[in-house]
Amino acid sequence: MTSLASARILLVVGGGVAAYKSLDLARRLRERGARVRAVITRAGKHFIAPLSLAALTGEKVFEDLFSLTDEAEMGHIELSRDADLIVVAPATADLLAKAAHGLADDLASTLLLATDKKILAAPAMNLRMWLAPATRRNVAALRDDGMLFIGPNDGSMACGEFGPGRMAEPLEIVAAVEAALSSPTTIPLPPSFVRGGALAGKRVVITSGPTHEPVDPVRYIANRSSGKQGHAIARAAAEAGAEVVLVSGPVAIPDPSGVDVVRVETAREMLAAVESALPADIFIAAAAVADWRVEAAGEKLKKGADGPPRFALVENPDILATVAARASGRPRLVVGFAAETEKVVEHARAKLARKKCDLVVANDVSPATGIMGGDANEVSLVGPDGVESWPKLGKDEVARRLVAEFARRLSSGQPDEPSR
Ligand code: CTP
């Protein structure tokens, strides 16, 4: 996918004259629909004000590795992973040297070391610094490690010299960002590190995204689900060592890496794909499945003298309830979601009982919360043992915590072994 529309970019601004162009870069990325979070180094603050970056990104700017308030809101590990791509612009000789040697003495360098995402660097420095053997060695090592580079361009520099060292122009960087996003940007851990993960050896089937229910060959009924939370859970389960099948409705976000993705359109296709992916240890129904479909017309419906068409709605199969009711081969842990706009916990409790699942992850999807389609989520876990409410967190962090909770419930034998 090359679109920036749902991309999350972490922009690391180093200390160089070119930092002023990073303000324009942030603006260009946002114009194209990306969410941009910025980190600025101590040196970067000599060139541009964090306030300008905050204004142009529309987000808090992170500056300090040891800031207690920043860490409480979003830890540096989460910050480094809650992005689709990290863009370092300007990437100074110092930042590149630190990254090449794995130094981590400030927030920017720590993020570069801790991330599981691709990094795109836009170097900017004096031409002697760019041509210096040390910088060339560092850049070669970083390229070998998978870091992507755009520029530097030739041109005259602030210091009066002419040659390579000017940071690429914002639109060139935007094009490089789009190219980087067109392939998976998460770098999975080597399997040897995942084998000991909390879900090692377990199979997880998860539904995500909306379903599209055709009305005629060109129209369909849909909903606003982005698939972000379901996809994040699939990715987190794979990172925890599980073998994951993700059954996804139509979404505009990249496939998580390390996951087997089955694409479907309708609720009935989703059920069929889930049934053929079972048996599994855990089933997670994170999709916003359309409750109803219409008997689709074979040809495009036309306006006529009889007025608007009347649709008889037919109820779709309930995938979660069907899986939870399996007499044999029921996953040991069946997890549902409850997307509500009022009485969230009360409705979630009713769903837990009605659909006979083991746990319901409830959230408030009223438009004012910004949860549907957004990057954060505030969930409550509703189980037979009670309710646990979590603070508002990034969807990736919610996913990691949920996976840890699922693993805990599975290993503590909750729920009881199902009757097979
Ligand atoms: N679900 C499903 N199949 C359906 C409908 C819902 O698997 N046909 C699952 C969803 O993936 C979610 C849970 O059931 O895990 C609850 O979905 P939700 O849309 O909140 O509930 P509904 O079944 O539509 O109930 P209500 O109409 O009361 O909101």
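Since this is a predicted model, take the numbers as computed values, not measurements.

Caption draft 1: Structural context of the overall build of the chain. Each helix and strand in the chain was counted, giving 15 helices and 22 strands. Against the globule reference of 22 Å for 420 residues, the chain gives a C-alpha radius of gyration of 24 Å, in line with a compact fold. Counted over contacts in the chain with a minimum sequence separation of 6, partners at least 24 positions apart contribute 68%. When the 50 basic and 52 acidic side-chain charges of the chain are each reduced to a single mean position, those positions are 2 Å apart.

Caption draft 2: Examining the packing of aromatic side chains more closely. On inspection of all chains with the given rule, the structure shows 0 aromatic pairs. Taking NZ or CZ as reference, Lys60 lies 5.5 Å from the ring centre of Phe62, over its face.

Caption draft 3: The arrangement of the environment of Gly197 in detail. Locating Gly197 in the fold gives a position in the loop between α10 (191-194) and β9 (203-208). Under the relative-accessibility criterion, Gly197 is labelled partly exposed at 22%. C-alpha of Gly197 to C-alpha of Val334: the two residues are 137 residues apart in sequence and 20 Å apart in space.

Caption draft 4: Representation of the site of the ligand in the model. Residues in contact with the ligand amount to 15 residues; listed here are only the nearest, Ala285, Ala287, Phe337, Lys351 and Lys355. Take Ala285: an N or O atom from its main chain is 2.6 Å from an oxygen atom of the ligand. In this structure, Ala287 approaches the ligand through a main-chain N or O atom, which is 2.6 Å from an oxygen atom. Starting from 570 Å² of accessible surface for the ligand in isolation, the protein chains cover 78%. Put simply, the parts of the chain that give the shell around the ligand at least two residues each are α13 (319-324), β17 (333-340) and α14 (344-354). With 4 residues, the top contributor of residues to the shell around the ligand is β17.

Caption draft 5: The packing of helix α5 (residues 93-101) against helix α8 (residues 133-144), seen in detail. For the pair α5 and α8, the least separation of the axes is 9 Å and the interaxial angle reads 50°. Here α5 lies oblique to α8, going by the angle between them. Here α5 runs over α8; the crossing is left-handed. Every residue of α8 that contacts α5 at Ala93, Leu96, Ala97, Ala99, Ala100 and His101 is listed here: Thr135, Asn138, Val139 and Leu142. Residues belonging to the contact of α5 with α8 are distributed by class as follows: 7 nonpolar, 3 polar and no charged.

Caption draft 6: Molecular detail of unusual backbone geometry. Residue Ala89 is joined to Pro90 through a cis peptide bond whose omega torsion reads -5°. With respect to the helices, strands and loops of the structure, Pro90 is situated in strand β4 (residues 85-91). A cis geometry characterises the amide bond from Leu278 onward to Pro279, with omega recorded as 5°. Here Pro279 shows up in the loop between α12 (267-277) and β14 (282-285).

Caption draft 7: Highlighting the pairing of strand β12 (residues 243-248). Most of β12 is tucked away: 5 of the 6 residues are buried. By the bridge criterion, 4 bridges tie β12 to strand β13 (residues 260-263) in an arrangement that is parallel. Residue pairing for β13: Leu246 is matched across the bridge by Val261.

Caption draft 8: Structural context of the pattern of salt bridges. All chains considered together, the criterion is met by 31 salt bridges. The salt bridge involving Arg35 is made with Glu59; its shortest N-O contact spans 2.8 Å. You can see Arg35 sitting in strand β2 (residues 35-40) and its partner Glu59 sitting in the loop between α2 (50-57) and β3 (61-62), a full 24 residues away along the chain. Between Lys98 and Asp105 there is a salt bridge, and its shortest N-O distance comes to 3.1 Å. We classify Lys98 as buried; its relative accessible area is 12%.

Caption draft 9: Structural detail: the nonpolar core. Ranked by size, the top nonpolar core spans 34 residues in total, and within it Leu199, Ile233, Val244, Ile284, Leu402 and Phe406 carry the most contacts. Secondary-structure elements contributing two or more residues to this core are β9, α11 (228-239), β12, β14, β17, β18 (359-364), β20 (379-383) and α15 (395-411). It is α15 that provides the largest number of residues to this core, a total of 7 residues. Beyond its immediate chain neighbours, meaning those up to four positions away, Phe406 contacts Ile233, Ile282, Ile284, Leu333, Val335 and Leu359. Ranked by size, the runner-up nonpolar core spans 33 residues in total, among them Ile9, Leu11, Ala26 and Ala89.

Caption draft 10: Region of interest: α12. Of the positions making up α12, those classed as buried are Ala267, Met270, Leu271, Ala273, Val274 and Ala277. Along the axis of α12, the buried residues cluster in a sector spanning 165°; they form a single face. Looking at the buried side of α12, the elements it contacts are β9, β10 (213-216), β12, β13, β14 and α13.

Caption draft 11: Looking closely at a nonpolar patch on the surface. A surface patch of nonpolar side chains, amounting to about 400 Å² of accessible area, comprises Ile221, Trp292, Phe311 and Leu313. Mapping Phe311 onto the fold places it in the loop between β15 (292-294) and β16 (313-315).

Caption draft 12: Up close: the sheet that holds β12. Pairing is mixed in the open sheet, where 8 strands are placed in the order β13-β12-β9-β14-β17-β18-β20-β21. The open sheet has two free edges, formed respectively by β13 and β21 (386-389), since each of these has just one partner strand. Across the sheet, the axes of successive neighbouring strands diverge by a mean angle of 15°, strand direction being ignored. Relative to the sheet, α11 contacts β9, β12, β14 and β17, its axis offset from that of β12 by approximately 165°. Helix-sheet contacts for α14 involve β17, β18, β20 and β21, and the interaxial angle to β18 is about 150°.

Rules used throughout
- Residues numbered from 1 in each chain as written.
- Predicted model: local features only at pLDDT ≥ 70, side-chain atom pairs only at ≥ 80, totals over all residues.
- Heavy atoms only, no water.
- Helix = DSSP H or I, 4+ residues; strand = E, 2+ residues; numbered from the N terminus.
- Rg over C-alpha atoms; globule rule 2.2 N^0.38 Å.
- Contact = heavy atoms within 4.5 Å.
- Lys, Arg positive; Asp, Glu negative; His and termini not counted.
- Charge placed at Lys NZ, Arg CZ, Asp CG, Glu CD.
- Phe/Tyr/Trp six-rings, centres within 6.5 Å; stacked < 30°, edge-to-face > 60°.
- Lys NZ or Arg CZ within 6 Å of the ring centre and 35° of its normal.
- Buried < 20%, exposed > 50% of the residue type's maximum accessible area, 1.4 Å probe, protein only.
- Near = heavy atom within 4 Å.
- Polar contact = N/O pair within 3.5 Å; in protein donor to acceptor, adjacent residues only side chain to side chain.
- Areas by Shrake-Rupley, 256 points an atom, 1.4 Å probe, with all protein chains shown as cover.
- Axes fitted to C-alpha atoms, helices over the stretch in contact; angles between N-to-C directions.
- Parallel < 35°, antiparallel > 145°, perpendicular 65-115°, else oblique.
- Left-handed = near helix turned anticlockwise from the far one by under 90°.
- Nonpolar A, V, L, I, M, F, W, Y, C, P; charged D, E, K, R; others polar.
- Pairing = 2+ DSSP bridges.
- Salt bridge = Lys/Arg side-chain N within 4 Å of Asp/Glu carboxyl O.
- Core = buried A, V, L, I, M, F, W, Y, C linked by side-chain atoms within 4.5 Å.
- Arc of directions from axis to C-beta.
- Patch = residues over 30% accessible without salt bridge, like charges linked within 9 Å, V, L, I, M, F, W, Y side chains within 5 Å.

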